[in-house]
Amino acid sequence: MILSDHSIAEALASGRLVIDPIGEDALQPASIDIRLDRQFRVFRQHRRAYIDVRESVDDLTDVEEIEDDEPFVLHPGEFVLGSTLERVRLANDIVARVEGKSSLGRLGLLVHATAGYVDPGWDGHLTMELSNVSNLPVRLYYGMKIGQLSFADLTTAADRPYGDPRLHSKYQGQTGPTASRGYLDYESHTRPR
């Protein structure tokens, strides 16, 4: 079941759920609002002719940082990575879903391509996959509400939560917008046996 505001508050109070720093008006009827941090990972298409999923893409992006009231302009058709201002930590018996804010979706701003699921045991800042599907540039600001997290209890605690060494979790503890580490799936020490 999806947690209500009452259950979310209980999970926060007990430490099963950590949102730090939490906005003073972040708690919604069945979710918590999350805000945008000041760093963006911008793709530089001129550096490569293609993306090979078996190779690191660290050289394909640059990090840009904005000041408190300086906008980051996301152009039509552009895709960048952002990050949540909040660090999110989930106990081993709770999961989260990332959703966009309706007000931003109505402007053509999408906040995740596929990474909408947050596993039990997660600890870190969430990377936001930001796309502008409108016909006009959209200005983004540090600290603005960018999305929301909803939560659900698992039937039992996960035996192998995110971050468990057996899972080779690639993003545990991340800070700032983190480029894809999918290439690690192709290295011999992380390949499933």
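Our structure's up above, just so we're on the same page.
Each chain carries its own residue numbering, running from 1 in the written order of its sequence. Only residues with pLDDT of at least 70 get local features here, since the model is predicted, and only at 80 or more are side-chain atom pairs given and counted; chain-wide, interface and lining totals rely on the full set of residues. Derived side-chain values reflect all non-hydrogen atoms in the structure, with water molecules and hydrogen atoms excluded from consideration.

1. Quick word on the packing of aromatic side chains
- Only Phe, Tyr and Trp rings take part, Trp by its six-membered ring, and two of them pair if their centres are within 6.5 Å. Stacked means planes under 30 degrees apart, edge-to-face means over 60, and tilted covers everything else. Using the criterion set out here, one finds 3 aromatic pairs in the structure.
- The interplanar angle of 10° and the centroid separation of 4.0 Å between the aromatic rings of Phe40 and Phe72 together place this pair among those described as stacked. Of this pair, Phe40 sits in strand β3 (residues 39-43) while Phe72 is found in strand β5 (residues 72-74), placing the two residues 32 residues apart along the sequence.
- The cut-offs for exposure are 20% and 50% of the maximum accessible area for each residue type, with area from a 1.4 Å probe on protein chains only; residues under the lower value are buried, those over the upper are exposed, and the others partly exposed. Residue class for Phe40 comes out buried when judged on its relative accessible area of 0%.
- Residue Phe72 is classed as buried on the basis of its relative accessible area of 7%.
- Ring geometry for Trp122 versus Tyr162: centroids 5.4 Å apart, planes at 50°, classification tilted. Of this pair, Trp122 sits in the loop between β9 (117-118) and β10 (123-132) while Tyr162 sits in the segment after β12 (145-153), and the two are 40 residues apart along the sequence. By the burial criterion, Trp122 is buried, and Tyr162 matches it.
- Our definition puts a charge over a ring when NZ of Lys or CZ of Arg is within 6 Å of the ring centre and also within 35 degrees of the ring normal. The lysine or arginine in question, Arg38, covers the ring of Tyr142, its NZ or CZ lying 3.8 Å from the ring centre. Segments assigned H or I by DSSP are reported as helices when at least four residues long, segments assigned E as strands when at least two residues long, and all are numbered from the N terminus.

2. What to know about unusual backbone geometry
- The omega angle of the peptide bond from Asp20 to Pro21 is -5°, so this bond is cis rather than trans.
- Note that Pro21 resides in the loop between β1 (17-20) and β2 (32-35).
- Of note in the backbone geometry, His168 takes a positive phi value of approximately 55° without being a glycine.
- Relative to the helices and strands, His168 resides in the segment after β12.

3. Topic: the side chain of Lys101
- Checked against the element boundaries, Lys101 lands in the loop between β7 (94-100) and α2 (102-105).
- In protein, a polar contact requires one atom able to donate a hydrogen and another able to accept it; more generally it is a pair of N or O atoms within 3.5 Å, and residues adjacent in sequence count only if both atoms are side-chain atoms. Within the local environment of Lys101, its side chain forms a polar contact with the side chain of Asp33, the two groups lying 2.8 Å apart.
- What makes two residues a contact is simply this: any of their non-hydrogen atoms within 4.5 Å. Aside from chain neighbours lying at most four places away, what touches Lys101 is Asp33, Lys145, Ile146, Gly147 and Gln148.

4. Notes on the environment of Ile19
- Mapped onto the secondary structure, Ile19 falls in strand β1.
- For Ile19, a relative accessible area of 6% corresponds to the buried category.

5. A word on the sheet that holds β2
- Strands qualify as paired when DSSP identifies two bridges or more between them. Strand order in the open sheet formed by 4 strands is β2-β12-β7-β9, and the pairing between neighbours is antiparallel. Here the strands that pair on one side only, and so sit at the sheet edges, are β2 and β9.
- In the sheet, β7 pairs with β9 via 2 bridges, with the strands oriented antiparallel. Among the inter-strand pairings, Arg97 is bridged to a residue of β9, identified as Tyr117.

All we've got here are geometric facts, nothing functional implied.
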